[in-house]
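A closer look at the structure
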Amino acid sequence: MIRELKLSDGTIIYELQIKNVKNINLRIKPNGNIYVSANATVDMDKIDSFILSKEKFVLGALKKFEELKKYESATKEYVDGETFLMFGHEMRLKVRTSSKRYIECDESYIYLYVKEGDSTEIKQKSINKWLKSECRKTISLICEAVYPKFKKYGIEFPEIKYRNMISRWGSCQPKKGVLTFNYALINAPISCVEYVVVHEFAHFLVANHSRKFYEQLSVFLPDWQERRERLKKIVPNEV
């Protein structure tokens, strides 16, 4: 069911899906489509009121995805001089011809070694594979550095997974002992990545986002709010 709702700053159109769920759920896709799921027993006024209460989040998400589209529209050709974000730093690309494909980097440059005649697609795959590898290495090191703070609570070192995620920087499955991190964290400053790692580790102690959770988070990371605000300004770019 497609519905239209007037907000204080414009109008949105969303698709209402009737499901066997306890709560009203709101999802916003990167293409700007808005989906709301609710139980058949919930009346329309309550659903609209719920969305109105989330107006700031909805408009913010739509703006972020619009910015992401603009960012992605600048198609890279994988040639000298193009820039890539690595943990908050702009790295310039230098392409070199070699007998084998590999990548190196220093503080300012990414050196992409390719074979003669390699296509843009091959270069793209090489860069993306390397960025994912660098993301995993860095986050793994941060997890190892953070873990001792939680070990004393009887928490075992979790299984660390990585994938591209649409609306989350990370997730925690306390019962399974699994933490999952978004590859897009490669775009974020290290201080923000540390915030995400500590945030997810803290969910082993408090599984929800209650006041108790944030009190616990403040013990491990007193400046978490400042780091979170910095993270909100990052437009994730999938790799």
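Each value, and the rule that gives it
- Residues numbered from 1 in each chain as written.
- Predicted model: local features only at pLDDT ≥ 70, side-chain atom pairs only at ≥ 80, totals over all residues.
- Heavy atoms only, no water.
- Buried < 20%, exposed > 50% of the residue type's maximum accessible area, 1.4 Å probe, protein only.
- Helix = DSSP H or I, 4+ residues; strand = E, 2+ residues; numbered from the N terminus.
- Pairing = 2+ DSSP bridges.
- Expected span 1.5 Å × (residues − 1).
- Bend = angle between axes of the 7 residues up to and from the residue.
- Axes fitted to C-alpha atoms, helices over the stretch in contact; angles between N-to-C directions.
- pLDDT = per-residue confidence, 0-100.
- Contact = heavy atoms within 4.5 Å.
- Phe/Tyr/Trp six-rings, centres within 6.5 Å; stacked < 30°, edge-to-face > 60°.
- Lys NZ or Arg CZ within 6 Å of the ring centre and 35° of its normal.
- Core = buried A, V, L, I, M, F, W, Y, C linked by side-chain atoms within 4.5 Å.
- 1 Å grid on protein atoms, 1.4 Å probe; cavity = no way out; pocket = protein on both sides within 12 Å on 5 of 7 lines; lining within 4 Å.
- Points joined across faces, edges and corners; volume = space filled by probe spheres on them.

Observations regarding the pairing of strand β1 (residues 2–7)
Going residue by residue along β1, you find R3, L5 and L7 tucked away on one face and I2, E4 and K6 left uncovered on the opposite face. Direction of pairing for β1 relative to strand β2 (residues 10–18): antiparallel, over a ladder of 6 bridges. Bridge assignment links I2 to a residue of β2, and that residue is E15. Taking the residues that link successive antiparallel strands as the turn, the β1-β2 hairpin has 2 residues.

Considerations on helix α3 (residues 120–151)
Between its first and last C-alpha, α3 extends 46 Å over 32 residues, near the 46 Å set by a 1.5 Å rise per residue. Its axis deflected by about 30 degrees at A145, α3 carries its strongest bend there, up to four residues before the proline P148.

Here we look at the sheet that holds strand β3 (residues 25–28)
One key point about sheets: their strands pair by backbone hydrogen bonds, in either a parallel or an antiparallel sense. Overall, mixed pairing links the 4 strands, which are arranged β1-β2-β4-β3 in an open sheet. Every other strand in the sheet has two partners, leaving β1 and β3 as the edge strands with one partner each. In this sheet, neighbouring strand axes are inclined to one another by 30 degrees on average, regardless of whether the strands run parallel or antiparallel. Taken together, the 4 bridges between β3 and strand β4 (residues 34–38) define a ladder with antiparallel strand orientation. Opposite L26, over in β4, you have V36 as the bridge partner.

Some thoughts on the confidence of the model for the protein
Per-residue confidence for the protein gives a mean pLDDT of 90, with 94% of residues at or over 70. Per-element confidence in the protein is highest for strand β8 (residues 109–114), whose mean pLDDT is 98, and lowest for helix α2 (residues 55–73), whose mean pLDDT is 72.

A closer look at the side chain of E55
Tracing the chain through its elements places E55 in helix α2. Apart from the residues within four sequence positions on either side, E55 is in contact with L7, S8 and D9.

Remarks on the side chain of T180
Along the chain, T180 turns up in strand β11 (residues 178–182). Those residues within four positions of T180 in sequence are excluded, and the remaining contacts are K161, Y162, R163, M165, W169, G170 and S171.

Some thoughts on the packing of aromatic side chains
Going through the model one piece at a time under the given rule, you end up with 12 aromatic pairs. Geometrically, the ring pair formed by F213 and Y214 is edge-to-face, given 5.0 Å between the ring centres and 80 degrees between the ring planes. Looking at Y214, the relative accessible area reads 22%, which means it is partly exposed. One aromatic cluster is present, formed by F150, Y153, F201, F204 and F220 through successive ring pairs. For K76, the ring lying beneath its charged end belongs to F84, and the centroid distance is 4.7 Å. The residue whose ring lies beneath K132 is Y183, and the NZ or CZ to ring-centre distance is 5.0 Å.

Some thoughts on the nonpolar core
In terms of nonpolar packing, the biggest core is built from 49 residues, with I110, I127, I139, F181, V197 and F201 touching the most fellow members. Secondary-structure elements contributing two or more residues to this core are β5 (83–86), β6 (89–97), β8, α3, β11, α4 (190–202), α5 (211–220) and α6 (224–232). Considering every element that reaches this core, the biggest residue donor is α3, with 10 residues. In this structure, V197 is in contact with I139, I142, C143, V146 and F181, ignoring residues within four places of it in sequence. By size, the runner-up hydrophobic cluster in this structure holds 16 residues, among which are I12, A38, I51 and A61.

Considerations on the layout of surface pockets
Taken as a whole, the largest pocket encloses approximately 1,700 Å³ of empty space. Only β3, α2, β10 (170–173), α4 and α6 provide two or more residues apiece to the lining of the largest pocket. Counting residues per element, the lining of the largest pocket draws most heavily on α2, at 8 residues.

Focus on the sheet that holds β8
Pairing is mixed across the open sheet formed by 4 strands, whose spatial order is β5-β6-β8-β7. Both outer strands of the open sheet, β5 and β7 (102–105), are each paired with one neighbouring strand and no more. The mean inter-strand angle of the sheet, taken between neighbouring strand axes irrespective of direction, is 30 degrees. The pairing of β7 with β8 spans 4 bridges and is antiparallel. In the sheet register, Y102 faces β8, and the bridge partner there is Y113. Sitting on the sheet, α3 touches β5, β6, β7 and β8, and the angle it makes with β8 is about 130 degrees.

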